[in-house]
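# Structural characterization, general
The lines below spell out each chain.
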Amino acid sequence: MAIITSPPRTVSDIKTHSGRSSRDHQVYRDYFQVGALELERWRRTREREVASSRINSIDKRIAEIDKEKELLLTSATTACERLYYTEKPRPTENKKSAGLRIKY
């Protein structure tokens, strides 16, 4: 049996062409990156539009809540005024309270 003199090969020993070419003559990478940036800008613009429409709908609902609240408070105020601030007939003076009556 022969003795192995070189160490076993690993993934790092695989020869590739990666990193050998210069970036100067690969202009397509720049165009690809510009396209990716344009897509991201479009997505962010749509996201901003959706968020602003959501904010507008929330603002409208808050205004509706304020209107409903004012209506309920005014109706409650008028109801309280009718119940508590109108003149009630006073009991006659002849009627005396019986107080506490205890029978032995």
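In what follows, the accompanying structure is described. (Residues numbered from 1 in each chain as written. Predicted model: local features only at pLDDT ≥ 70, side-chain atom pairs only at ≥ 80, totals over all residues. Heavy atoms only, no water.)

Next up on the list: the overall build of the chain. Of the regular secondary structure elements, the chain holds one helix and zero strands. With 104 residues in all, the chain has 1% of them scored as buried. Put simply, the chain shows about 11500 Å² of open surface, and 58% of that area lies on carbon and sulfur atoms. (Helix = DSSP H or I, 4+ residues; strand = E, 2+ residues; numbered from the N terminus. Buried < 20%, exposed > 50% of the residue type's maximum accessible area, 1.4 Å probe, protein only. Areas by Shrake-Rupley, 256 points an atom, 1.4 Å probe, with all protein chains shown as cover.)

Right, let's get into a nonpolar patch on the surface. Taken together, the side chains of L83, Y84 and Y85 define a hydrophobic patch exposed on the protein surface, amounting to about 430 Å² of accessible area. Relative to the helices and strands, Y85 resides in the segment after α1 (27-84). Residue classification places Y85 among the exposed residues on the basis of a relative accessible area of 65%. (Patch = residues over 30% accessible without salt bridge, like charges linked within 9 Å, V, L, I, M, F, W, Y side chains within 5 Å. Salt bridge = Lys/Arg side-chain N within 4 Å of Asp/Glu carboxyl O.)

To continue, consider the pattern of salt bridges. Following the criterion strictly, the structure yields five salt bridges and no others. Here R44 and E47 are joined by a salt bridge, their closest N and O atoms 3.3 Å apart. On the criterion of helical spacing, the pair formed by R44 and E47 is a turn pair, its members being three residues apart in helix α1. Relative accessible area serves as the criterion here: at 47%, E47 is assigned to the partly exposed category. Between R46 and E49 there is a salt bridge, and its shortest N-O distance comes to 3.0 Å. A residue pair is termed a helical-turn pair when its members lie 3 or 4 positions apart in one helix, as R46 and E49 do in helix α1 at three residues. Looking at E49, the relative accessible area reads 39%, which means it is partly exposed. Linked by salt bridges that have partners in common, E40, R44 and E47 make up one network.

Note that all results are geometric; they support no functional claim without further evidence.
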